[in-house]
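Report on the structure
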Amino acid sequence: PKLGYLRSRFLWEQTNHTKASMVIKLEKVLISDEVDPKCVNILQNNGVEVVKNTKLSKEELLAEIPKYDGLIVRSATKVTADVINAGTNLRIIGRAGTGVDNIDTEAATRKGVIVMNTPGGNTLSAAEHTCTLIIALTRNLGAASMSMKEGRWDRKKFMGSELYGKTLAIIGLGRIGKEVALRMQSFGMTTIGFDPIVSPAESAEFNTESLSLEEIWPRADFITVHTPLIPQTKHLLCDATFAKCKKGVKVVNCARGGVIEEAALLRALESGQCGGAGLDVFVEEPPKDYTLAKHPNVIATPHLGASTIEAQTRVAEDIAQQFVDLAQGKSLFGA
Ligand code: NAD
Ligand code: MLT
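The sections below set out a description of the structure shown in this document. (Residues numbered from 1 in each chain as written. Chains lettered and ligands numbered in written order. Predicted model: local features only at pLDDT ≥ 70, side-chain atom pairs only at ≥ 80, totals over all residues. Heavy atoms only, no water.)

It is worth spelling out the overall build of the chain at this point. If you tally the helices and strands in the chain, you get 14 helices and 14 strands. The globule rule puts the C-alpha radius of gyration for 335 residues at 20 Å, and the 21 Å found for the chain is close to it. Oriented by its inertia axes, the alpha-carbon framework of the chain measures out at about 65 × 45 × 35 Å. Across the 335 residues in the chain, those meeting the buried criterion constitute 49%. Within the chain, residue pairs in contact and separated by at least 24 positions form 63% of the contacts whose partners lie at least 6 positions apart. With the model as given, the accessible surface of the chain reaches about 16,200 Å², and the carbon-plus-sulfur share is 56%. The centroid of the 39 positive side-chain charges in the chain is displaced by 3 Å from the centroid of its 38 negative side-chain charges. (Helix = DSSP H or I, 4+ residues; strand = E, 2+ residues; numbered from the N terminus. Rg over C-alpha atoms; globule rule 2.2 N^0.38 Å. Buried < 20%, exposed > 50% of the residue type's maximum accessible area, 1.4 Å probe, protein only. Contact = heavy atoms within 4.5 Å. Areas by Shrake-Rupley, 256 points an atom, 1.4 Å probe, with all protein chains shown as cover. Lys, Arg positive; Asp, Glu negative; His and termini not counted. Charge placed at Lys NZ, Arg CZ, Asp CG, Glu CD.)

Strand order in the open sheet formed by five strands is β3-β2-β4-β5-β6, with parallel pairing between adjacent strands. The sheet terminates laterally at β3 (49-52) and β6 (114-116), the two strands that pair on one side only. Averaged over all pairs of adjacent strands, the angle between strand axes in this sheet comes to 15 degrees, irrespective of strand direction. Of the strand pairs in this sheet, strand β4 (residues 70-73) and strand β5 (residues 92-95) are connected by four bridges, and their pairing is parallel. Considered in β5, the bridge of I72 is made with G94. Of the strands in this sheet, β2 (28-31), β4, β5 and β6 touch helix α14 (residues 309-327), which is tilted by about 155 degrees from β5. (Pairing = 2+ DSSP bridges. Axes fitted to C-alpha atoms, helices over the stretch in contact; angles between N-to-C directions.)

As a further point, take the site of ligand 2. What surrounds ligand 2 is the set R74, R95, G97, T98, G99, N122, R256, H303 and A306. Taking R74, its side chain carries an N or O atom lying 3.0 Å from an oxygen atom of ligand 2. At 2.8 Å from an oxygen atom of ligand 2 is found a side-chain nitrogen or oxygen belonging to R95. Contact with the protein chains hides 92% of the accessible area of ligand 2, taken as 260 Å² for the molecule alone. Residue classes in the shell around ligand 2 are distributed as one nonpolar, five polar and three charged. (Near = heavy atom within 4 Å. Polar contact = N/O pair within 3.5 Å; in protein donor to acceptor, adjacent residues only side chain to side chain. Nonpolar A, V, L, I, M, F, W, Y, C, P; charged D, E, K, R; others polar.)

By nearness alone, 27 residues border ligand 1, and R175, I176, D195, T227 and D280 come closest of all. Contact between ligand 1 and T227: an oxygen atom at 2.9 Å from a main-chain N or O atom of the residue. Within the side chain of H303, a nitrogen or oxygen atom sits 3.4 Å from an oxygen atom of ligand 1. Its free accessible area being 860 Å², ligand 1 has 88% of it covered by the protein chains. Taken together, the residues of the shell around ligand 1 break down into 12 nonpolar, 11 polar and four charged.

In a regular helix each residue adds 1.5 Å, so 19 residues correspond to 27 Å; α14 covers 27 Å between its end C-alpha atoms and thus fits that length. Phi for G329, located one or two positions after α14, is positive at around 75 degrees. (Expected span 1.5 Å × (residues − 1).)

In this section: the nonpolar core. Grouped together as the largest cluster of nonpolar side chains are 26 residues, with contacts concentrated most on W217, I223, L237, F242, V251 and L265. Of all elements in the fold, only β7 (167-171), β10 (222-225), β11 (249-253), α12 (262-271) and β12 (274-279) reach the threshold of two or more residues within this core. Not counting residues up to four positions away in its chain, the partners in contact with W217 are I171, I223, L236, L237, T241, K244, C245 and K246. Counting 23 residues, the second-largest nonpolar core is a separate cluster that includes I31, I42, M116 and V315. (Core = buried A, V, L, I, M, F, W, Y, C linked by side-chain atoms within 4.5 Å.)

Further remarks concern the pairing of β5. Of the two faces of β5, the one lined by I92 and G94 and the one lined by I93 and R95 are each fully buried. Traced from β4 through helix α4 (residues 81-86) to β5, the parallel crossover comes out right-handed. In this sheet, β6 lies alongside β5 in parallel orientation, the contact comprising three bridges. Its bridge partner being in β6, G94 is matched across the sheet by M116. Handedness of the crossover joining β5 and β6 through helix α5 (residues 105-110) is recorded here as right-handed. (Right-handed = clockwise from strand over helix to strand, strands pointing away.)

Turning to unusual backbone geometry, a few remarks are in order. Residues E285 and P286 are joined by a peptide bond in cis, for which omega reads -5 degrees. Counting through the fold element by element, P286 comes out in the loop between β12 and α13 (291-294). Its identity is not glycine, yet N140 carries a phi of approximately 55 degrees, on the positive side. Structurally, N140 is set in the loop between α6 (123-138) and α7 (141-149).

Following this line, the structure appears as structure tokens:
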């Protein structure tokens, strides 16, 4: 595939860096989730005291947070309004990753606390994981592998289909959606998509036809979603939209649980309207109910999209450098 990621990151860096008008005092930072050690090294090398404690209960976090100017999390720590309000010295919260849905950004804004993420650091890993799920789905890799582990040679049971000539619909043509398009085109897939802020001309640059959702549903053999979870994207795939799709459509969610309605997906899998699902994310993580994950036509992974050495190194370096830059009055970064 073409180096869409590098190009878009370059363009993004050209346009999204804004000069900070302030310098943030940054003496002490708490890292409360598993973040690559490079993050600690960069901060310490720039004179910042760092405490890493990934075992804090909510009560302990509330008691600890007043000691820190900065907090760095991945997704396990829930940075709720009470944590933010308890952070009397807190000036900045960093998310080593893309989604900031575990941070109450409104509470942070009310209190003048900056929230930064590292958009782009895990784009390639999430895109590759999505492609892996698409490929695995079309050849029944999950179930076939499971049957071998159980000592069975079920050769006839697992007839697959080629990706060549099939249509992949991408809902959300941002960083990850675009990289998925470029990669799946190399399998001979036609890519179509919908995104309210990506113009048809922009998506045409990566060979993806921009269509309305109503045009997309009946055309797609595969649908992959790459949007944030917001009111407009919640249950984008539901009973009503599954009904408009081709029978046997396969779906992938490597974005956020809830973009595909889980109960509707289960019904569509049971009826055969959906021929298979690749799921990396769930409404509840870890799920209390594993019915979907256990379904024979589902390949499920426990939110592994960004779990690569490369992505974790990048997001750890990015967030630490962004903190240091801000403390030194350099540019702000985030999306
Ligand atoms: P992005 O911001 O670059 O792209 C998201 C796109 O969704 C944007 O272009 C936006 O316009 C579009 N969008 C918003 N509302 C829409 C709607 N109603 N219909 C269609 N498109 C809409 O984000 P990204 O970096 O590509 O990340 C996409 C998603 O993947 C996010 O939810 C992110 O949190 C998630 N993510 C998951 C993993 C993982 O480990 N599984 C890793 C990284 C990111
Ligand atoms: C993200 O939003 O970056 C993803 O959920 C990946 C992660 O941090 O695990």
